[in-house]
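# Overview (structure and organization)
Chain residues, written in single-letter form:
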Amino acid sequence: MSSQDVLKNASTLASYNVLLQVMFRVLTFLLNAFTLRFVSKELIGVVNVRLTLLYTTLVFLSREAFRRACLSGGSGTKHSWRQVINLLWLTLPLGVLWASLLICVWLWLLEVPDPQGVPYYGPAVVLFALAGVQELLSEPLWVLTQAHMFVQLKVVAESLAMIAKCSITVVLVVSAPEWGLYIFSAAQLVYTGFLVLCYAVYFIRFLGSKEAAKKGFPLHHVGDLLPCRIDGELTWSFFKQSFLKQILTEGERYVMTFLNVLSFGDQGIYDIVNNLGSMVARFIFLPIEESFYIFFAKVLERGRDVKSQKQEEVAIAAEVLECLLKLVLVIGLIITVFGYAYSHLALDIYGGSLLSSGAGPTLLRCYSCYVLLLAVNGVTECFVFAAMSQKEVDKYNLVMLALSVSFLFLSYILTWWAGGVGFIMANCLNMGLRILHSLLYIYNYFKFSQWRPLRGLVPSPLLLGALVVSAGVTAVSESVFCCDSGWLLRLVHVSVGAVCLLGVLVAVLLTETHLIQFVRTQLLPHTNKMNIF
């Protein structure tokens, strides 16, 4: 497969992932707004922080290293894919081991919520861990799906699973709210069960079919999916890195869970604001990071410098990296500018005075700044992790270890000083250091070549001026028109923001023509109609 074909497939995957994440976040957004009217904020806090942390920790530590290692190479033969499948099945016993350990921690080492306000905590811990192990059953099929760019399959599987989860949650919240945490445990089990079922049904039908033979798929029988030896050094390096990255990614949840710096109610408020603030990051930046990690890993030869690689492929990788950096920078700057002036209004519309009267607006304003760092870090690390040699990955693990320790310490100190804002401050510092490390790596990687992809981080003067003016105008508009003077003045505030946003978009169209062309030709590809089942 040529570099252009890989780029096209990665772009299609990113596009579908963005649509998928938009749907997920909209459904989650509506589901949270709905359930808040039937269950307590303490219950939401336990589910969205503590139980979700258990689930994400289990699946992340069990599979992330295997994913990165198996997607880093270009395994094309049946024999090599049998080795990869064999390696991926190790995620299941590893998941059972992590589940046993984490259940003990969550049940006996952490503060148990009041059973009157948050009933059935113990069974919910076990069921969420079981859901995580159940999801690992689909891991070999997920990696095959990603590596061979079966984008429609992923969209259909995750969409059906999410719809089923939301349906179960709504029905049980309305009909049996007294079930407490059993509601969300059942919904999580249904979600992971649907994922496994969809992947299994597709591959049972696909393997051995004429379509598989036409595509030259390396596996031919269902038996090829079952557990034959692969070099595990890179996997071990990624495992150490994934463990540290999980601490950095979910650090505030660990601090909240283990050190009790916030009450369950405050945890619920923080998690709602966190989810609202990270919506764009999750449904745009994360799909781009996941999809283009595969692109960079396939186009670049891991651990080799620029001069020793195919120059055509390096040129494509450099151009794509520059455009991605420009894209996330523009989106991140827009979110930062407009997020400051519209945080209070957004929270008031979403959750009423429960969210807008306290520290919620300040949290969301700070998070708007953090989103910019999240955007840049996602793209830079996606390139760095695809290009690093095993020795460089091991070396970076030491950096991640230092960042993890300092981040946990800073989170604890800053939270006692500034409440939930302290978590965001610690995250910003940590993310800034990670970005600096990645930028230095990228600079050194391309230093002796003709390509300079870091130019993507330099906005045009016109765009920068439009953003500065918009920041000042919308801040004044908020102080004059919003948010306690009625809906008419709120609409005036929204109209002011719309005009400013239009001005910013015009500046982008006039000055970032190369970026616009990249988005039109690569991130919005023409695709055939989906035909999955």
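Presented here is an overview of the structure given in this document. (Residues numbered from 1 in each chain as written. Predicted model: local features only at pLDDT ≥ 70, side-chain atom pairs only at ≥ 80, totals over all residues. Heavy atoms only, no water.)

### Thoughts on the overall build of the chain
The helix and strand tally for the chain stands at 21 helices and zero strands. Within the chain, the proportion of its 533 residues that are buried is 56%. Surface exposure of the chain reaches about 22,800 Å², of which carbon and sulfur atoms provide 67%. (Helix = DSSP H or I, 4+ residues; strand = E, 2+ residues; numbered from the N terminus. Buried < 20%, exposed > 50% of the residue type's maximum accessible area, 1.4 Å probe, protein only. Areas by Shrake-Rupley, 256 points an atom, 1.4 Å probe, with all protein chains shown as cover.)

### Focus on a nonpolar patch on the surface
A cluster of nonpolar residues, F409, Y412, I413 and W416, forms a patch on the protein surface that exposes about 450 Å² of accessible area. Here Y412 shows up in helix α17 (residues 390–418). By relative accessible area, Y412 is classed as partly exposed at 31%. (Patch = residues over 30% accessible without salt bridge, like charges linked within 9 Å, V, L, I, M, F, W, Y side chains within 5 Å. Salt bridge = Lys/Arg side-chain N within 4 Å of Asp/Glu carboxyl O.)

### Quick word on the pattern of salt bridges
Under the definition given, this model contains five salt bridges. As a salt-bridge pair, K326 and E512 come within 3.6 Å of each other at their nearest N and O atoms. You can see K326 sitting in helix α14 (residues 311–351) and its partner E512 sitting in the loop between α20 (487–511) and α21 (513–523), a full 186 residues away along the chain. Take K326 and E512: they sit in the same class, and that class is buried. In this structure, R365 and E478 form a salt bridge, with 2.9 Å as the shortest nitrogen-oxygen distance. Of the two residues, R365 sits in helix α16 (residues 360–387) while E478 sits in helix α19 (residues 461–481), which places them 113 residues apart along the sequence. The exposure class of R365 is buried, given its relative accessible area of 18%. Given the relative accessible area of 10%, E478 is considered buried.

### Describing the nonpolar core
The nonpolar side chains of a soluble globular protein tend to be buried with one another. Grouped together as the largest cluster of nonpolar side chains are 73 residues, with contacts concentrated most on F296, F383 and F446. Breaking this core down by element, the ones donating at least two residues are α13 (279–299), α14, α16, α17, α18 (420–445), α19, α20 and α21. Here this core takes 23 residues from α14, the largest share from any one element. Setting aside anything within four residues of it in sequence, one finds F383 in contact with F296, L300, L321, I442, Y445 and F446. Counting residues in each nonpolar core, the second largest holds 65 residues, with V84, L94, W106 and A147 among its members. (Core = buried A, V, L, I, M, F, W, Y, C linked by side-chain atoms within 4.5 Å. Contact = heavy atoms within 4.5 Å.)

### Focus on the packing of α16 against α18
Relative to each other, α16 and α18 sit at 30°, their axes nearing to 8 Å. Put simply, α16 runs roughly parallel to α18. Crossing hand, α16 versus α18: left-handed. A per-class count over the contact of α16 with α18 returns 19 nonpolar, six polar and two charged. (Axes fitted to C-alpha atoms, helices over the stretch in contact; angles between N-to-C directions. Parallel < 35°, antiparallel > 145°, perpendicular 65-115°, else oblique. Left-handed = near helix turned anticlockwise from the far one by under 90°. Nonpolar A, V, L, I, M, F, W, Y, C, P; charged D, E, K, R; others polar.)

### What about the packing of helix α6 (residues 139–147) against helix α8 (residues 181–206)?
Remark: α6 packs on α8, axes separated minimally by 10 Å, with the N-to-C direction vectors making an angle of 65°. By the angle between their directions, the pair α6 and α8 is classed as roughly perpendicular. Classified by chirality, the crossing of α8 by α6 is left-handed. Facing L141, W142, L144 and T145 of α6, the residues of α8 in contact are Y199, A200 and F203. When the residues that make up the contact of α6 with α8 are grouped by side-chain class, the tally is six nonpolar, one polar and no charged.

### Looking at unusual backbone geometry
Backbone geometry at Y120 places phi at a positive 65°, although glycine is not the residue there. Overall, the relative accessible area of 39% leaves Y120 in the partly exposed class.

### Considering the packing of aromatic side chains
Going through the model one piece at a time under the given rule, you end up with 13 aromatic pairs. Measuring from centroid to centroid gives 5.5 Å for Y202 and F206, while their planes differ by 15°, and the two rings are stacked. Pair noted here: Y202 and F206 are both in helix α8, with a separation of four residues, about one helical turn. What makes F206 buried here is its relative accessible area of 2%. The interplanar angle of 70° and the centroid separation of 5.0 Å between the aromatic rings of Y445 and F446 together place this pair among those described as edge-to-face. A connected cluster of aromatic rings, assembled from ring pairs, spans F292, F295, F296, F383, Y441, Y445 and F446. For the cation-ring pair, K165 lies above Y191, with the distance from its terminal atom to the ring centre recorded as 5.5 Å. Sitting over the ring of Y340, R365 keeps its end group 5.3 Å from the ring centre. (Phe/Tyr/Trp six-rings, centres within 6.5 Å; stacked < 30°, edge-to-face > 60°. Lys NZ or Arg CZ within 6 Å of the ring centre and 35° of its normal.)

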